[in-house]
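Listed here are the chains, written in short residue letters.
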Amino acid sequence: MTTAQSTRSWRGQHIVGIGEAMVEFAPVGDDLYKRGFAGDTLNTCWHMAQLLGEHANVRYCTRVGTDPFSREFVEFVAANGMDASRIGRDDERAIGLYVISLAGAERSFSYWRDTSAARRLADDLGALREALAESALIHVSGITLAVVGETGRKHLARALSEARASGAVVSFDPNVRLRLWRNLDELRDATRVMLEETDIALPSFDDEALVWGDADPDSTIARLTGAGVAEIAVKNGAGEVVWLADGARARTRTPPAPTIRDTTGAGDSFNSGYLAARFVGMPATEAIEFAQRLAGEVIGHFGALAPRESLANFQRAIRQRAER
């Protein structure tokens, strides 16, 4: 991806997220749980839809069942300003489910996803091509790669290559979940193929250290640039973000979050802030800071999705930029 592509305004064009959506049960105190919907690429797309509003059509590409939760999910997507037209239906499978457990503000997850319909979302290459048609930005994660399996990954790589040839920009968060892979070799091989179709990489350093043995975020930058990725932001929890974009390489301190209630979705919301900011033409240094502030807001609430009313200032900043 050229620098000109990375900073242009893509107003009015499609953003597509590809991945697994799940029913989420998040603790809200006193042994009570709130039912919602989440998933790493869904979290990113949901926040982008709230931030960008009429300035983009945010489409979510997944597969669900015909069960009540699946029907409610499709309704949820449409009711939250997203395009649900590329959500496939599966009569034999259902939407997956997970429950969040908290120890302080840190979280762990229990999953029920072995028969998730999303595992078949990339089985049909023609449908996948149609979902990505006329896209300006496509967002994929390592969880996407894991759940679709070997055939799905081949279809996805082909569809992404064709979309990029038509001008789409592809962003990728490796988002490692070791339990979804047979072994590290399978994960590494799939990631290498994905990096060949990646314009913007949004890794977390702890994942990169675990899978690739990177000594520090600078090592991650070096490895990803060696793989041909042009734009990179390495997240590192409360540590500084090391990034490469617009011909510059820099590090940006992460400000302390005012309140931390639940770190679920912190990386996903950083992704959404960064991508939305770049979509409307913010330079990388401003986009990084915007993404950090948004992630800080999201972890001040329970669950992966921030309350809509908490996003007003972020929406205003994005829309003011888009309307320049």
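Bear in mind the structure is a predicted one, so any value in this text is a computation, not a measurement. (Residues numbered from 1 in each chain as written. Predicted model: local features only at pLDDT ≥ 70, side-chain atom pairs only at ≥ 80, totals over all residues. Heavy atoms only, no water.)

## Concerning the overall build of the chain
Helix and strand content of the chain: 11 helices and 13 strands. Projected onto its principal axes, the C-alpha coordinates of the chain cover approximately 50 × 45 × 40 Å. Here the chain, with 324 residues, has 56% of them falling under the buried criterion. When contacts within the chain are restricted to residue pairs at least 6 apart in sequence, those whose partners lie at least 24 apart make up 73%. Side-chain charges in the chain split into 37 positive and 44 negative, and the spacing between the mean points of these groups amounts to 2 Å. (Helix = DSSP H or I, 4+ residues; strand = E, 2+ residues; numbered from the N terminus. Buried < 20%, exposed > 50% of the residue type's maximum accessible area, 1.4 Å probe, protein only. Contact = heavy atoms within 4.5 Å. Lys, Arg positive; Asp, Glu negative; His and termini not counted. Charge placed at Lys NZ, Arg CZ, Asp CG, Glu CD.)

## A word on the sheet that holds strand S6 (residues 96-103)
In spatial order, the strands read S3-S2-S6-S7; together these four strands make up an open sheet with mixed pairing. Each edge of the open sheet carries a strand with a single partner, namely strand S3 (32-38) and strand S7 (106-112). Averaged over neighbouring strand pairs, the angle between their axes works out to 30° when direction is ignored. Note that strand S2 (residues 22-29) and S6 share four bridges and pair parallel. What sits directly across from Met 22, in S6, is Gly 96. Along the sheet face, helix H3 (residues 68-79) touches S2 and S3 and points at about 65° away from the line of S3. (Pairing = 2+ DSSP bridges. Axes fitted to C-alpha atoms, helices over the stretch in contact; angles between N-to-C directions.)

## Examining the nonpolar core
Counting residues in each nonpolar core, the largest one holds 55 residues, and the members touching the most others are Leu 52, Phe 73, Met 82, Tyr 274 and Ile 318. Of all the secondary structure elements, the ones that give two or more residues to this core are helix H2 (40-52), strand S4 (57-64), H3, strand S8 (135-141), strand S12 (241-245), helix H9 (266-279), helix H10 (284-298) and helix H11 (312-322). Among the elements that make up this core, the one with the highest residue count is H10 (eight residues). Look past the residues within four positions of Ile 318 in its chain and what remains in contact with it is Leu 51, Leu 52, Ala 276, Ala 277, Val 280, Met 282 and Phe 290. Counting 41 residues, the second-largest nonpolar core is a separate cluster that includes Ile 138, Val 170, Leu 180 and Trp 181. (Core = buried A, V, L, I, M, F, W, Y, C linked by side-chain atoms within 4.5 Å.)

## Looking at the pairing of S4
Within S4, six of the eight residues are buried, which leaves it mostly tucked inside the rest of the structure. Bridging between strand S1 (residues 14-18) and S4 involves five bridges; their strand directions are parallel. Looking at S4, one finds that Ile 15 is bridged to Val 58. As judged from the three bridges shared by S4 and strand S5 (residues 87-89), these two strands associate in the parallel manner. The residue of S5 that forms the bridge with Thr 62 is Ile 87.

## Digging into helix H8 (residues 217-226)
Among all positions of H8, only Pro 217, Thr 220, Ile 221 and Leu 224 are buried. Looking straight down H8, one finds that the buried residues subtend no more than 100° of arc, so they occupy a single side. Close packing links the buried residues of H8 with helix H6 (184-195), strand S10 (200-201), helix H7 (205-212), strand S11 (231-234), S12 and strand S13 (248-252). After H8 finishes, the residue Gly 228 shows a positive phi value of roughly 100°. (Arc of directions from axis to C-beta.)

## Structural notes on the sheet that holds S11
Read from one edge to the other, the open sheet built from nine strands follows the order S5-S4-S1-S8-S9-S10-S11-S12-S13, with strand pairing classed as mixed. Only two strands of the sheet have a single partner each, and these edge strands are S5 and S13. Where H9 meets the sheet, its contacts fall on S1, S8, strand S9 (169-173), S10, S11 and S12, and the angle it forms with S8 comes to roughly 165°.

## Structural notes on the pairing of S2
As defined by bridge partners, S2 adjoins S3 across seven bridges and the pair is classed as antiparallel. Paired with Phe 25 across the strands is Arg 35, a residue of S3. Where S2 folds back on S3, the antiparallel hairpin that results is connected by two residues, among which Asp 30 adopts a positive phi of roughly 55°.

## Considering the packing of H7 against H8
Between H7 and H8, the shortest axis-to-axis distance is 10 Å and the interhelical angle comes to 70°. With respect to H8, the element H7 is oriented roughly perpendicular. In this structure, the crossing between H7 and H8 has a hand that is left-handed. Only Pro 217, Thr 220 and Arg 223 of H8 make contact with H7, whose side of the interface consists of Phe 205, Glu 208 and Trp 212. (Parallel < 35°, antiparallel > 145°, perpendicular 65-115°, else oblique. Left-handed = near helix turned anticlockwise from the far one by under 90°.)

## As for H10
With 15 residues, H10 ought to run about 21 Å at 1.5 Å a step, and its terminal C-alpha atoms sit 21 Å apart, in line with that. If you check which residues of H10 are buried, you get Ala 284, Ala 287, Ile 288, Phe 290, Ala 291, Gln 292, Leu 294, Ala 295, Gly 296 and Val 298. Residues of H10 that are buried make contact with H2, S11, S12, S13, H9 and H11. (Expected span 1.5 Å × (residues − 1).)

## Structural notes on the side chain of Ser 70
By the secondary structure assignment, Ser 70 is in helix H3. Judged by relative accessible area, Ser 70 falls into the buried class, the value being 0%. Those residues in contact with Ser 70, other than ones at most four positions away along the chain, are Val 64, Gly 65, Ala 94 and Ile 95.

## Observations regarding the packing of H10 against H11
Packing of H10 against H11 brings their axes to within 11 Å, and their N-to-C directions diverge by 155°. Our classification of the angle between H10 and H11 gives roughly antiparallel. The two elements H10 and H11 meet at a crossing, and its hand is left-handed. Here Glu 286, Phe 290, Arg 293, Leu 294 and Glu 297 of H10 come into contact with H11, specifically with Phe 314, Ala 317, Ile 318 and Arg 321. Partitioning the contact of H10 with H11 into residue classes produces five nonpolar, no polar and four charged. (Nonpolar A, V, L, I, M, F, W, Y, C, P; charged D, E, K, R; others polar.)

Read these as layout, nothing more, since geometry by itself doesn't imply function.
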